[in-house]
Amino acid sequence: MQRPASALIAIVLLGAAPAHADDAPPVTGNVAVTSDYVFRGLSQTWGKPAIQGGGDYAAASGFAAGTWASSISERSFPGAAMELDLYASYGRSFGRDWSWRAGVYGYLYPGGNLDRANPRLPARSFDTLEANVALGWKWLTLKYNQALTDYFGADVEEGYAGNSRGTRYVQLDATLPLRGAWSLALHAGHTHYPNGLLAALPGGARKPDYSDVGATLKYQLSAQWALSGGVTHASNAAFYRHTTSLLNPDDVGDIGGTRGFVMLQGTF
């Protein structure tokens, strides 16, 4: 069994506290309603709407930390009604247009556990801790993420051949300002697992590795509010378009493929 990610997250974030507690860094908050919560190309709400919100803290020294939460589906996270994220990082600018940042990111699922789907199932937390490093140039960012724990519970308890610690996600993101209040965000990423399923799915798929791409068009309604619309696509249809709910083996859905969403977001 893995050490609970929540404990690792607390240790890492406490150790990453800023050196000058008397500083008064900017603090921002955000709230949003979205038609579908899509994370790395996969729906976390099984195509249903989500309510989201969080807060961020940024110091002039380069340290940043924050928290964010979203409603999710118990079909993927039995017992959990919410995903709670905690993160911290440090970064600086260099040269004329370059920047770098390194940090940790924790995904927590309060109340969530595999045995909440069925008491006869083994206990398995979905909590996940990642380390990441990013390099930015103007409007382009390349980021590498690696799981320090099992990756969202993908371990022997869920039918995998070994643990998923070390799962990697590489992403390339671009944010392009357009005319007036419009902007365009482009994304491409790839997820690589060190393990796969012991028994193949009905279509023959064993490996959960996949790539995802996305494009989001945003219109800034006011200084605080923005409306966005986007489309995403995840590969490996044999694995993700026939995903079985952890609550009911007869409940099968498509959490990958091509999907669209609209979002209303406020910042303050």
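Bear in mind the structure is a predicted one, so any value in this text is a computation, not a measurement. (Residues numbered from 1 in each chain as written. Predicted model: local features only at pLDDT ≥ 70, side-chain atom pairs only at ≥ 80, totals over all residues. Heavy atoms only, no water.)

**Here's the deal with the pairing of strand β12 (residues 210–220)**
In terms of strand pairing, strand β11 (residues 182–192) meets β12 through ten bridges, oriented antiparallel. Counted as the bridge partner of L186 is A215 from β12. Bridge count between β12 and strand β13 (residues 225–234): nine bridges; the pairing is antiparallel. Looking across to β13, one finds that D212 is bridged to A234. If you look at the hairpin formed by β12 and β13, you'll find four residues sitting between the two strands. (Pairing = 2+ DSSP bridges. Helix = DSSP H or I, 4+ residues; strand = E, 2+ residues; numbered from the N terminus.)

**Focus: the sheet that holds β12**
Taken together, twelve strands build a closed barrel; the order of strands is β1-β4-β5-β6-β7-β8-β9-β10-β11-β12-β13-β16 and the barrel is antiparallel. Neighbouring strand axes in the sheet, compared pairwise and without regard to direction, differ in orientation by 20 degrees on average. Inspection of the sheet shows strand β8 (residues 128–137) paired to strand β9 (residues 140–147) by eight bridges, in the antiparallel sense. By the bridge assignment, E130 is partnered in β9 with A147. (Axes fitted to C-alpha atoms, helices over the stretch in contact; angles between N-to-C directions.)

**With respect to the pattern of salt bridges**
Tallied over the entire structure, the rule returns seven salt bridges. Ionic pairing is found between D251 and R75, a salt bridge with its closest N-O pair at 3.0 Å. Of this pair, D251 sits in the loop between β14 (243–244) and β15 (252–253) while R75 sits in the loop between β5 (63–71) and β6 (82–94), placing them 176 residues apart in sequence. Accessibility expressed as a relative area gives 30% for R75, which makes it partly exposed. Salt bridges sharing partners connect three or more residues here, namely R124, D150, D155 and E157. (Salt bridge = Lys/Arg side-chain N within 4 Å of Asp/Glu carboxyl O. Buried < 20%, exposed > 50% of the residue type's maximum accessible area, 1.4 Å probe, protein only.)

**Describing the side chain of S245**
By the element assignment, S245 lies in the loop between β14 and β15. Apart from residues lying up to four places away in sequence, S245 is in contact with W46, R75 and D251. (Contact = heavy atoms within 4.5 Å.)

**Quick word on the confidence of the model for the protein**
Averaged over every residue, the pLDDT of the protein is 92; residues scoring 70 or more account for 91%. Counting interchain partners and residues more than four positions distant, the pLDDT-below-50 stretch residues 14–22 has four contacts. (pLDDT = per-residue confidence, 0-100.)

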